[in-house]
Amino acid sequence: MRDGCGDEWWIVFHSDGWAALKGLGHESPAWSKHREKLSSALQRSFPSDFAQFTAEPAFRWEETSFAYFHPTGAAGWTRANDLTAFSAEDAGDERLLAHIVGAPASYAAFAADYYETKVDERIVAGIFALQPITASVVNSLNPSAVMRDIAEELYGEIQYPNGR
């Protein structure tokens with residue numbers, strides 16, 4: 001996710017069962033004060049099982065204000081910032097991730113603002129619940145798109161459960 005204003009985050013769901021996320025809140029107090037020191041500390045805080053993720057140049061680790069990891073079989077996510085000397089600093093993650101960790105209403109409000117259109121919270125709730133994405137759902141979110149236009153990305157790239 002890139003917002004076009006300097007904030008971004010990347011997430012990987014690995015086929016081995018682990019997941020990891022790193023991001024940049026470019027106006028956050030943590031980034032403003034610590035920059036590369038914070039980025040390096042976050043990268044070093046990851047367990048060695050995540051070496052593939054932390055070594056990936058495309059994720060721009062030199063510009064990182066927050067990170068999370070979820071080891072295979074773990075019950076939840078670990079906030080990497082909490083494993084560093086910068087744990088108490090506002091890294092921008094709460095603001096940037098609110099729409100994906102909150103309720104469907106949070107995402108619907110984000111999407112309505114970002115895309116400047118009405119977004120039905122019930123549709124978002126269905127997607128959060130991994131209900132099948134039908135032609136009707138696609139049309140309600142974007143009347144100019146059709147299912148065949150998004151099917152490869154939806155089922156192939158993103159691997160949304162295919163409920164057809």
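Our subject is the structure that appears above.
Given the structure is predicted, the values throughout are model-derived calculations rather than measurements.

This next bit is on helix α5 (residues 121-128). Of the positions making up α5, those classed as buried are Ile-123, Val-124 and Gly-126. Along α5, the residues classed as buried sweep out an arc of 160° about the axis, all on the same side. Contacts made by the buried residues of α5 are with α4 (104-115) and α6 (135-141). N-capping of α5 is provided by Asp-120, with a side-chain oxygen placed 2.8 Å from the backbone N of Arg-122. Backbone geometry just after α5 places Leu-130 at a positive phi near 60°.

Here we come to the nonpolar core. Ranked by size, the top nonpolar core spans 22 residues in total, and within it Phe-46, Phe-53 and Phe-66 carry the most contacts. Elements with a contribution of two residues or more to this core: β2 (19-24), α1 (29-45), β3 (66-70) and α3 (93-101). Look past the residues within four positions of Phe-53 in its chain and what remains in contact with it is Val-12, Trp-18, Ala-20, Leu-21, Lys-22, Phe-46, Phe-59 and Trp-61.

To continue, consider the environment of Trp-77. By the secondary structure assignment, Trp-77 is in the loop between β3 and β4 (78-79). On the accessibility criterion, Trp-77 (40% relative accessible area) is partly exposed. With 29 residues separating them in the primary sequence, Trp-77 and Ser-48 have C-alpha atoms 16 Å apart. Setting aside anything within four residues of it in sequence, one finds Trp-77 in contact with Ile-11, Phe-13, Ala-19, Ala-20, Leu-21, Tyr-68, Phe-69 and His-70.

Calculation rules
- Residues numbered from 1 in each chain as written.
- Predicted model: local features only at pLDDT ≥ 70, side-chain atom pairs only at ≥ 80, totals over all residues.
- Heavy atoms only, no water.
- Buried < 20%, exposed > 50% of the residue type's maximum accessible area, 1.4 Å probe, protein only.
- Helix = DSSP H or I, 4+ residues; strand = E, 2+ residues; numbered from the N terminus.
- Arc of directions from axis to C-beta.
- Contact = heavy atoms within 4.5 Å.
- Polar contact = N/O pair within 3.5 Å; in protein donor to acceptor, adjacent residues only side chain to side chain.
- Core = buried A, V, L, I, M, F, W, Y, C linked by side-chain atoms within 4.5 Å.

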